[in-house]
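# Tertiary structure, described
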Amino acid sequence: MWKHARLELARDANLLPPLDGAIGVLGQIAVERLRGLDDLQLQCESNSFVATTALRSAGYKVVVEQDASFEHAVVFLPRAKAEAQHLIAHAIERAPNGWIVLDGQKTDGIESIVKQVARSVAIEGSFSKGHGKTVWFRAADAQDLLAWRAEPTDVDGGFSTAPGVFSADGIDPASAMLIPHLPDDMRGAVVDLGAGWGFLSAKLLSNAPKISRLHLVEDNKTALDCARSNVQDARAEFHWADALSWNLREPVHTVIMNPPFHTARNAEPSLGIGFINAAAKLLKPGGKLYMVANAHLPYEPTLEAAFSKVDVLERSTRFKVFCAEQRRGKVR
Ligand SMILES: C[S@@+](CC[C@H](N)C(=O)[O-])C[C@H]1O[C@@H](n2cnc3c(N)ncnc32)[C@H](O)[C@@H]1O
């Protein structure tokens, strides 16, 4: 949870430059970070379904298309450096004559990115508070930073990924460990919860011809767009949604997942626990969950409570692979 709405404090202290007209808000946006800026014409852009839903229900305008231009832009720094650089370039391109305001926590690398920005452009002002910093510079002076724009890249196996998606550099080793445990004779409808750029789904569909439908559920729209190009199979269905609340009318035979173990800021198992409970609700009686997780995360009690049978299929020092079977005769 963000303790300080730093932008509000900076504005109250008359430090921020005048931000008249439409302001694009990009990056790791949270309602709390926008506190006190309600009189500004904020246009949020988020690729997260969960963040978009929260922002919209708090009354903010959110666009997903990412092609509007703005007078000014605010970038809330994401943790992944390549994504941060990409967003800064994107902001400069979209508000070419305005101010770019960059805000981030120390833990997100604000100090190092500000140093990099300062090599190309004069930082006109800054405000430090709450273990983080806000700086601002003129987009017109920062045209060199347009080179930070990143295009989707190809990784091992011919897959396409983009900055900021999970495991953008290549196949995640935990997901690779899950693949040999997914039976080739899997059939019926399957859900890939938190499908990312589609690695598990692509492999599964090419190995298991009897699967009739595979639902890829993912929060990050950029990742889901990558998955659309990585999983070109008529049985695939793509859902930009929150895995914790997404549902289907008919329960499915199998769920596969490598659940997220971070919220925006913290490593914590609660999101993974939510994924396990969501998987249990999606499954038919006797249906199976195949899941890989980091070895140190304590998922066993949740699995034992939500399923009738839990097997560890493989364990290494880093990861563990589970197969959990849904109760037979369970009423959803
Ligand atoms: C550990 S990654 C696994 C990605 C992919 N299955 C793979 O094996 O490469 C977890 C994924 O869950 C997604 N995610 C996080 N929270 C989510 C939510 N509430 N609903 C849907 N997806 C979510 C993340 O964006 C990320 O892509």
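Residues numbered from 1 in each chain as written. Predicted model: local features only at pLDDT ≥ 70, side-chain atom pairs only at ≥ 80, totals over all residues.

We now examine the overall build of the protein. What the protein contains, in helices and strands, is 9 helices and 16 strands. Taken over C-alpha atoms, the radius of gyration comes to 22 Å for the protein, in line with the 20 Å a tight globule of 332 residues would show. Its C-alpha atoms give the protein principal-axis dimensions of roughly 65 × 40 × 35 Å. Counting the 332 residues in the protein, one finds 42% classified as buried. Of all intrachain contacts in the protein linking residues separated by at least 6 positions in sequence, the fraction that spans at least 24 positions is 66%. (Helix = DSSP H or I, 4+ residues; strand = E, 2+ residues; numbered from the N terminus. Rg over C-alpha atoms; globule rule 2.2 N^0.38 Å. Buried ≥ 20, exposed ≤ 12 C-beta atoms within 10 Å, placed from the backbone. Contact = placed C-beta atoms within 7 Å.)

Here the focus is the domain arrangement of the protein. Segmenting the protein into domains produces domain 1 (6-148) and domain 2 (153-325). Of all the secondary-structure elements, those providing two or more residues to the side of domain 1 that touches domain 2 are helix H2 (49-57) and helix H3 (81-94). Per-element tally for the side of domain 1 that touches domain 2: the top contributor is H3, with 3 residues. Residues belonging to the side of domain 1 that touches domain 2 are distributed by class as follows: 6 nonpolar, 4 polar and 1 charged. (Domains from an automatic or database assignment. Nonpolar A, V, L, I, M, F, W, Y, C, P; charged D, E, K, R; others polar.)

Regular strands place their side chains on alternate faces of the sheet. Judged by how many residues are buried, strand S4 (residues 72-76) sits mostly within the fold: 5 of 5 residues are covered. Burial along S4 is two-sided: His72, Val74 and Phe76 and Ala73 and Val75, pointing in opposite directions, are all buried. Strand direction decides the pairing type here: strand S1 (residues 22-27) and S4, joined by 5 bridges, are parallel. If you follow isoleucine 23 over to S4, its bridge partner there is histidine 72. Of the strand pairs in this sheet, S4 and strand S5 (residues 99-105) are connected by 4 bridges, and their pairing is parallel. Directly across from valine 74, in S5, lies its bridge partner valine 101. (Pairing = 2+ DSSP bridges.)

Our focus in this paragraph is the site of the ligand. Around the ligand there are 20 residues in total, and Ser175, Gly194, Gly196, Asp219 and Ala243 lie nearest to it. Where the shell around the ligand is concerned, the elements lending two or more residues are helix H6 (199-207) and strand S11 (211-218). In the shell around the ligand, the residues fall into 10 nonpolar, 6 polar and 4 charged. (Near = placed C-beta within 6 Å.)

Moving on: the sheet that holds S5. Taken in spatial order, the 7 strands line up as S3-S2-S1-S4-S5-S7-S6 in an open sheet, and their pairing is mixed. On the outer flanks of this sheet lie strand S3 (61-63) and strand S6 (125-129), each paired with one strand and no other. When the angles between neighbouring strand axes are averaged without regard to direction, this sheet yields 20°. Relative to strand S2 (residues 41-45), S1 runs parallel, the two being bridged by 4 bridges. Counted as the bridge partner of valine 25 is cysteine 44 from S2. (Axes fitted to C-alpha atoms, helices over the stretch in contact; angles between N-to-C directions.)

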